[in-house]
Amino acid sequence: MIIELMNYLKDKKVIILGFGREGKSTYKLIRNYLKDQLIYIADQKENFEKTEELLQNDKNIICYSRRRILRPFRRI
């Protein structure tokens, strides 16, 4: 079932809303199977991507926080 889900997500725009416990778990699962997939992550915490060690070396993410959280998703 995981493989089918990853095949479905491959080459699609993926947005994780919230980077708490579930957001981190979702990120780890997707990244484990789709290493080069571009992932959008949005969270209310300001500059969360700078404090999350998990995201430090990932070049295939775009992070949005606080005031910018919903603005970019109107175009997706």
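From a predicted model like this one, the values you see are computed outputs, not experimental measurements. (Residues numbered from 1 in each chain as written. Predicted model: local features only at pLDDT ≥ 70, side-chain atom pairs only at ≥ 80, totals over all residues. Heavy atoms only, no water.)

On average, residues of the protein chain carry a pLDDT of 87, and 87% of them reach 70 or more. At the low end of the mean pLDDT range in the protein chain sits helix α3 (residues 48-51), at 88; at the high end sits helix α2 (residues 21-33), at 96. (pLDDT = per-residue confidence, 0-100. Helix = DSSP H or I, 4+ residues; strand = E, 2+ residues; numbered from the N terminus.)

Reading across the sheet, the three strands line up as β1-β2-β3 and stay open at both edges, with parallel pairing between neighbours. Sheet topology places β1 (14-17) and β3 (61-65) at the edges, where each strand pairs with a single neighbour. Strand-to-strand twist in this sheet, taken as the mean axis angle between neighbours without regard to direction, amounts to 20°. (Pairing = 2+ DSSP bridges. Axes fitted to C-alpha atoms, helices over the stretch in contact; angles between N-to-C directions.)

Counting 14 residues, the largest nonpolar core has Tyr27, Ile30, Ile39, Ile41, Leu55 and Ile61 as the members making the most contacts within it. Not counting the four nearest positions on each side in its chain, Ile61 is found in contact with Tyr27, Arg31, Leu38, Ile39, Ile41 and Leu55. (Core = buried A, V, L, I, M, F, W, Y, C linked by side-chain atoms within 4.5 Å. Buried < 20%, exposed > 50% of the residue type's maximum accessible area, 1.4 Å probe, protein only. Contact = heavy atoms within 4.5 Å.)

Quick look at the pairing of β3 now. Extensive coverage of β3 is indicated by the burial of four of its five residues. Two elements, strand β2 (residues 39-43) and β3, share five bridges in a ladder whose sense is parallel. Residue pairing across strands places Ile41 opposite Cys63, the latter belonging to β3.

Interhelical geometry of helix α1 (residues 2-9) versus α2 gives an angle of 85° and a closest axis separation of 10 Å. With respect to α2, the axis of α1 lies roughly perpendicular. When α1 is examined against α2, the residues Ile2, Ile3, Met6 and Leu9 are found in contact with a partner set consisting of Leu29, Ile30 and Tyr33. Residue classes in the contact of α1 with α2 are distributed as seven nonpolar, no polar and no charged. (Parallel < 35°, antiparallel > 145°, perpendicular 65-115°, else oblique. Nonpolar A, V, L, I, M, F, W, Y, C, P; charged D, E, K, R; others polar.)

Its 13 residues give α2 an end-to-end C-alpha distance of 19 Å, which sits within 8% of 18 Å, the value for a rise of 1.5 Å per residue. Those residues of α2 that fall on the buried side of the exposure criterion are Gly23, Tyr27, Ile30 and Arg31. Burial along α2 is one-sided: seen end-on, the buried residues are contained in an arc of 95°. Turned more than 90 degrees off the buried face of α2, the exposed positions are Arg21 and Glu22. Contacts made by the buried residues of α2 are with α1, β1, β2 and β3. (Expected span 1.5 Å × (residues − 1). Arc of directions from axis to C-beta.)

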